Amino acid sequence: LGSVTTSAISFISTSATVQTVNFASKTTGNVTFNASSNGSWQYTGTHTTSGDITMTKGTLDINGQTVTASQFKGTSGSLKNITLGAANITLSGNSIPWDFLLGGGTFTSNTATITFTGAGPTMQGAALTFSAGSTVVFNGSGTPIINAAFNFANLTRTGTAVKTSQFRFNNNITVTGTLTLAGNSAINRLLVLSNTVGTARTITNTGATMTWSNVDFQDITLSTAFDASAITGNSGDCGGNTGITFTTAATQTWSGTSGGNWSANAWTSRVPLPQDDPLLSSAFSASQTVTADMPRLGKSIDWTGATGTPTWSFGSVANSIYGSITLISGMTISGTQALTLAGRSSFSLISNTKQYTQAVSITAPSGTYSLNDAFSTAGNLTLTMGTFNAVTFNVTCLVFVSNNTNVRSLTMGTGTWSFTTTATADIFNVTSGGNFTFSGASAIMVVSNASANLRTFRGSGLTYGTLTYTVAGSTGGLDITGANTFTTINFSDVTNARTLRFEQATTTVTTFNVNGTSGKNMTVTSSVAAAHTLTSSQQQSCDFLTISYSTVNASPVWYAGANSTDSGNNTNWIFTAPPGGGNFMLTGVG
């Protein structure tokens, strides 16, 4: 035996007469059943391959044999007839170990057992119906995915001894026998979820038996209600579920005195479920560190009452929280594992001057997160779903991103948004459209750190307050894309020259406060060799600029200043100082 490809075998009979195949437990390379017409084969012995079994066309009867392979597939549209009998089929592939299109043929599973052992396998293809008495089992690591509307008899997902076991549905399914969902333990829980947050997948389970333990759900609908409140290891509600009665929520108070993992047995009655409110209170009377080692930490987390200098460490797994967060001024946050705010009601964030040290994402369909004080993270801030309202408070982050088509709402409020990245990056990137509600006309946005790298403001044609890039010693340029409206653009640096570029679009600005200094001109140009347009309702006065590919309105006029340079392809700019040498105001006495 060479490799799975150099030792591949193709069965190419075109006879309707059944050809028997007996590998006698030997290990082969890839095996293909590929008939141009009427080929028919039947297994009469055990078959093991470290490669794939592919059926291109014809009839294949596994005949109750034991078969082990990486993949079992038939993706061509040609006619196929498949019979399994009482077979035991084990598929170890990590990608798509099951993928069949019958091309108008038949599939009969009989009483076969199909076991997937790979890491995160996907089962897809035609929406097959499995016979009564057949069983499909997923017991590998990662996230197994069901990617078609299969009709199962018995379906089992057994989680492994990790805290990140999942079972994901990309489609609705039916289970007519027993649905077994088993997490490994009360802390190594299984999460059963839809592939799309906020879009429920339905499990039609009429007449089926539910055998569940140590399992949490997100965006799952049962056609027939099931009471999972008292299952072994309890049931967790991550939101968006219908037809499931979950374990009753209960406040869980940390009672440990020496820190430890979130998963430790230091809570009132259990490690918090997604619907439980964790309370970190008077037990924190010293410098304890609690490590958030559970992917689902609970609902509203409150550190009020804790004393000393506790540390909340996010250094183990990515975490989701399903409610509010209240921090205290004496604590410290550490670690870089991502934090997702996933509540589906109205919640608040109270930071008490503390800065998050990781990327923070708001993925909260139908949920709202509002600030009660200034918010700061050393990572990115992303609005994926739901509502984020900064109210009157400042926001600090590397960059802000809300670049998708989900239903989102952003209220920037009246505070200052500081973007701290020094990398070549989009400091602000939003997608407009029917699913995005936006209010930002009163906010101040600041490029706060010096850098030699280009940064980009992707405004998507919305209305903003003040955009400021005046940090000293920064040579990196700023690109502004979209036909945006600004109250003020501040762009200057007395120590360095740099470039402000606009997309080939119309930007409206009330005050264009863009100025260089002697020998250090600010360049105003387009991001492509075509003119952008700047328009304003009031006269503008600048100086020490180098301008190209720029069109401004003829009235009110735009003065480039006596010390500015016309680099060509400009319209309506006046390359002199305004009358009187600058802007002035007449005031009268009444």
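Note that this is a predicted model, so its numbers are computed, not measured.

Q: Describe the overall build of the protein chain, and please don't skip the residues or the numbers.
A: Counting secondary structure elements, the protein chain contains 0 helices and 63 strands. Relative to the globule expectation of 25 Å for 590 residues, the C-alpha radius of gyration of the protein chain, 31 Å, shows a markedly less compact shape. With respect to the three principal axes, the spread of C-alpha positions in the protein chain is 105 × 65 × 45 Å. A total of 590 residues make up the protein chain; the buried ones form 51% of that total. Contacts in the protein chain between residues far apart in sequence, at least 24 positions, make up 40% of those at least 6 positions apart. When the accessible surface of the protein chain is split by element, carbon and sulfur atoms take 49% of a total near 21,800 Å².

Q: Describe the packing of aromatic side chains, listing the residues and the values that go with them.
A: One pass over the full model with this rule turns up 42 aromatic pairs. Summarising the aromatic geometry, the rings of Trp98 and Phe107 are spaced 6.0 Å apart at their centres and angled 85° between planes, so their arrangement reads as edge-to-face. The residues Trp98 and Phe107 share a single accessibility class, namely buried. Plain terms: the ring middles of Phe428 and Phe457 are 4.9 Å apart, the flat faces sit at 10° to each other, and that makes the pair stacked. Taken together, the residues Phe428 in strand E48 (residues 425–430) and Phe457 in strand E50 (residues 455–458) connect sequence positions 29 residues apart. Joined through ring pairs, the aromatic side chains of Phe388, Phe400, Trp417, Phe419, Phe428, Phe436, Phe438, Phe457, Tyr464 and Phe486 make up one cluster. We note Arg498 situated over the ring of Tyr469; from NZ or CZ to the ring centre the distance is 3.8 Å. The ring of Phe491 has Arg498 sitting right over it, with the charged end atom 5.0 Å from the ring centre.

Q: I'd love a proper account of the sheet that holds strand E58 (residues 540–541), names of residues and values included.
A: Pairing is parallel in the open sheet, where 3 strands are placed in the order E58-E61-E63. What marks the edges here is a single partner per strand, and that holds for E58 and strand E63 (573–574). In this sheet, E63 lies alongside strand E61 (residues 558–559) in parallel orientation, the contact comprising 2 bridges. For Tyr559, the partnering residue across the bridge sits in E63 and is Ile574.

Q: Lay out the nonpolar core in plain terms, naming residues and giving numbers.
A: The biggest cluster of nonpolar side chains holds 77 residues, and the ones touching the most others in it are Trp312, Trp417, Phe428 and Phe512. With residues up to four places along the chain from it excluded, the contact list for Phe428 reads Phe400, Leu410, Met412, Phe419, Phe438, Thr456, Phe457, Arg458 and Tyr464. Counting 57 residues, the second-largest nonpolar core is a separate cluster that includes Ile82, Ile146, Ile173 and Ile231.

Q: Hey, could you go over the pairing of strand E5 (residues 40–43) for me, with residue numbers and the actual values?
A: When a strand is regular, its side chains alternate between the sheet's two faces. As paired elements, strand E2 (residues 19–21) and E5 share 3 bridges and run parallel to each other. Within E5, the residue paired with Thr20 across the bridge is Gln42.

Q: Can you break down the environment of Gly85 residue by residue, with the values?
A: Within the secondary structure layout, Gly85 lies in the loop between strand E10 (80–83) and strand E11 (88–91). Between the C-alpha atoms of Gly85 and Ser134, which are 49 residues apart in sequence, the distance is 9.3 Å. If we ignore the near neighbours within four places in the chain, the residues touching Gly85 are Gly64, Ser109, Asn110, Thr111 and Ala112.

Q: Summarise the pattern of salt bridges; cite the residues concerned and give the values.
A: Taken as a whole, this structure holds 8 salt bridges when the rule is applied. Ionic pairing is found between Lys73 and Asp52, a salt bridge with its closest N-O pair at 3.5 Å. With Lys73 in strand E9 (residues 71–74) and Asp52 in strand E7 (residues 52–61), this pair connects stretches of sequence that are 21 residues apart. Residues joined in a network through salt bridges with shared partners are Arg189, Asp216 and Arg296.

Q: So, the side chain of Asn170: which residues are in play, and what are the values?
A: Relative to the helices and strands, Asn170 is located in the loop between strand E20 (166–169) and strand E21 (173–175). At 3.2 Å, the side chain of Asn170 and the side chain of Arg168 are in polar contact. In contact with Asn170, other than residues within four places in its own chain, are Ile145, Ile146, Asn147, Asn195 and Arg201.

Q: So what about the sheet that holds strand E38 (residues 332–334)? Which residues, and what values?
A: Strand order across the open sheet formed by 4 strands is E30-E32-E35-E38, with parallel pairing between neighbours. The outermost strands of the open sheet, each flanked by one partner alone, are strand E30 (260–261) and E38.

Q: Tell me about the environment of Phe107, and name the residues and values.
A: Note on placement: Phe107 falls in strand E13 (residues 106–108). Here Phe107 falls in the buried class, since its relative accessible area comes to 12%. Separated by 334 residues in sequence, Phe107 and Ala441 have C-alpha atoms that sit 60 Å apart. In contact with Phe107, not counting residues within four places along its chain, are Ile82, Leu84, Trp98, Leu102, Leu128, Thr129 and Phe130.

Q: Describe the pairing of E10, and please don't skip the residues or the numbers.
A: Residues Lys80 and Ile82 point to one face of E10 and are all buried, whereas Asn81 and Thr83, pointing to the other face, are not buried. Of the strand pairs in this sheet, E7 and E10 are connected by 4 bridges, and their pairing is parallel. Bridge pairing links Thr59 to Asn81 in E10. Where E10 meets E13, 3 bridges bridge the pair, whose relative direction is parallel. Bridge pairing links Thr83 to Thr108 in E13.

Q: Lay out the confidence of the model for the protein chain in plain terms, naming residues and giving numbers.
A: When pLDDT is averaged across the protein chain, the result is 95; 98% of the residues are at 70 or more. With pLDDT under 50 throughout, residues 582–590 is counted as low confidence; its partners more than four residues away or in other chains account for 4 contacts.

What counts and how
- Residues numbered from 1 in each chain as written.
- Predicted model: local features only at pLDDT ≥ 70, side-chain atom pairs only at ≥ 80, totals over all residues.
- Heavy atoms only, no water.
- Helix = DSSP H or I, 4+ residues; strand = E, 2+ residues; numbered from the N terminus.
- Rg over C-alpha atoms; globule rule 2.2 N^0.38 Å.
- Buried < 20%, exposed > 50% of the residue type's maximum accessible area, 1.4 Å probe, protein only.
- Contact = heavy atoms within 4.5 Å.
- Areas by Shrake-Rupley, 256 points an atom, 1.4 Å probe, with all protein chains shown as cover.
- Phe/Tyr/Trp six-rings, centres within 6.5 Å; stacked < 30°, edge-to-face > 60°.
- Lys NZ or Arg CZ within 6 Å of the ring centre and 35° of its normal.
- Pairing = 2+ DSSP bridges.
- Core = buried A, V, L, I, M, F, W, Y, C linked by side-chain atoms within 4.5 Å.
- Salt bridge = Lys/Arg side-chain N within 4 Å of Asp/Glu carboxyl O.
- Polar contact = N/O pair within 3.5 Å; in protein donor to acceptor, adjacent residues only side chain to side chain.
- pLDDT = per-residue confidence, 0-100.

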